[in-house]
Amino acid sequence: DGRHVRVNAAEYQDFDLGYAVTIHKAQGVTVDQSFVLATAGFDRHLAYVSGSRHRESLAVFYSQEQFRTPAELQRTLSRERAKDVTTDYIDTLAETRDLRRPEKDWKQRFDELLSIERARNSAPQPPTKPTMSR
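Residues numbered from 1 in each chain as written. Predicted model: local features only at pLDDT ≥ 70, side-chain atom pairs only at ≥ 80, totals over all residues. Heavy atoms only, no water.

For the rest of this paragraph, the subject is the overall build of the protein chain. Helices and strands together make up the secondary structure of the protein chain, namely 5 helices and 2 strands. Listing each helix as α and each strand as β along the protein chain from the N terminus yields α-β-α-β-α-α-α. For the protein chain, the residues scored as buried account for 11% of the 134 residues in total. For the protein chain, the computed accessible surface area is about 12,700 Å², with 53% contributed by carbon and sulfur atoms. (Helix = DSSP H or I, 4+ residues; strand = E, 2+ residues; numbered from the N terminus. Buried < 20%, exposed > 50% of the residue type's maximum accessible area, 1.4 Å probe, protein only. Areas by Shrake-Rupley, 256 points an atom, 1.4 Å probe, with all protein chains shown as cover.)

Encoded structure:
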């Protein structure tokens, strides 16, 4: 709601420092309390690692802009997903930067190049001149 809250750490006896790390960096770490910001990039593997770092408490936060319902969040945190590759993000990148997608995607272009190469290799070869040997 736009409020700003200031806390004077000297007034709070139990106030402690917090540190932010990526989930990958947190593998193998155990902390008393854990706070996780879930994003659309999560899957069941990241959810497990991020949700198993705490001894005492875990709080999961998410944006209602990314997850309109708790069910959407649950689907994302429980999905099985293969490793990502950069081409998985072409549409997202194009959308966020207001770019137009090329008329041909990389697979169409690859197929064209492959068929050109196959045609080149299967084309009849010109006859070779006979060589004379003594």
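Let's shift gears to the pairing of strand β2 (residues 54-62). As paired elements, strand β1 (residues 31-38) and β2 share 7 bridges and run parallel to each other. Pairing of Leu 37 across the sheet is with Phe 61, part of β2. Crossover β1 to β2 through helix α2 (residues 44-51) is right-handed. (Pairing = 2+ DSSP bridges. Right-handed = clockwise from strand over helix to strand, strands pointing away.)

In terms of nonpolar packing, the biggest core is built from 5 residues, these being Ile 23, Val 36, Phe 42, Leu 46 and Val 49. Residues within four places of Val 49 in sequence aside, it is in contact with Ile 23 and Gln 27. (Core = buried A, V, L, I, M, F, W, Y, C linked by side-chain atoms within 4.5 Å. Contact = heavy atoms within 4.5 Å.)

The subject of this paragraph is the packing of aromatic side chains. Two aromatic rings, taken as a pair, are described by how far apart their centres are and by the angle between their planes. Overall, the coordinates contain 2 aromatic pairs when judged by the stated rule. Ring geometry for Tyr 62 versus Phe 67: centroids 6.0 Å apart, planes at 75°, classification edge-to-face. (Phe/Tyr/Trp six-rings, centres within 6.5 Å; stacked < 30°, edge-to-face > 60°.)

Once that is clear, we can look at the side chain of Arg 53. In this structure, Arg 53 sits in the loop between α2 and β2. Summary of buried charges: Arg 53 has no salt-bridge partner, and the nearest side chain of opposite charge, Asp 32, is 13 Å away. Of note is the side chain of Arg 53, whose polar atom sits 2.8 Å from the backbone oxygen of Val 49. When neighbours within four sequence positions are excluded, Arg 53 is seen to be in contact with Ala 26, Gln 27, Gly 28, Val 29, Thr 30, Val 31 and Ser 34. (Lys, Arg positive; Asp, Glu negative; His and termini not counted. Salt bridge = Lys/Arg side-chain N within 4 Å of Asp/Glu carboxyl O. Polar contact = N/O pair within 3.5 Å; in protein donor to acceptor, adjacent residues only side chain to side chain.)

Moving on to the layout of surface pockets. The space that makes up the largest pocket amounts to roughly 830 Å³. Taken together, 25 residues form the lining of the largest pocket, with Tyr 19, Val 31, Gln 33, Ser 34 and Phe 35 sitting closest to its centre. Elements with a minimum of two residues in the lining of the largest pocket: α1 (23-26), β1 and α2. It is β1 that contributes the most residues to the lining of the largest pocket, 7 residues altogether. Counted by class, the lining of the largest pocket contains 14 nonpolar, 8 polar and 3 charged residues. One number sums up the size of the second largest pocket: a volume of about 260 Å³. Lining the second largest pocket are 10 residues; nearest its centre among them are His 24, Asp 43, His 45, Leu 46 and Lys 83. The element contributing the most residues to the lining of the second largest pocket is α2, with 3 residues. Here the lining of the second largest pocket is built from residues that sort into 3 nonpolar, 3 polar and 4 charged. (1 Å grid on protein atoms, 1.4 Å probe; cavity = no way out; pocket = protein on both sides within 12 Å on 5 of 7 lines; lining within 4 Å. Points joined across faces, edges and corners; volume = space filled by probe spheres on them. Nonpolar A, V, L, I, M, F, W, Y, C, P; charged D, E, K, R; others polar.)

Per the stated rule, a full pass over the model turns up 5 salt bridges. Residue Arg 3 is joined to Asp 1 by a salt bridge in which the shortest nitrogen-to-oxygen separation is 3.2 Å. Like Arg 3, the residue Asp 1 is exposed in the burial classification. Put simply, Glu 112 and Arg 109 hold a salt bridge, and the shortest N to O gap is 3.1 Å. Pair noted here: Glu 112 and Arg 109 are both in helix α5 (residues 106-122), with a separation of 3 residues, about one helical turn.

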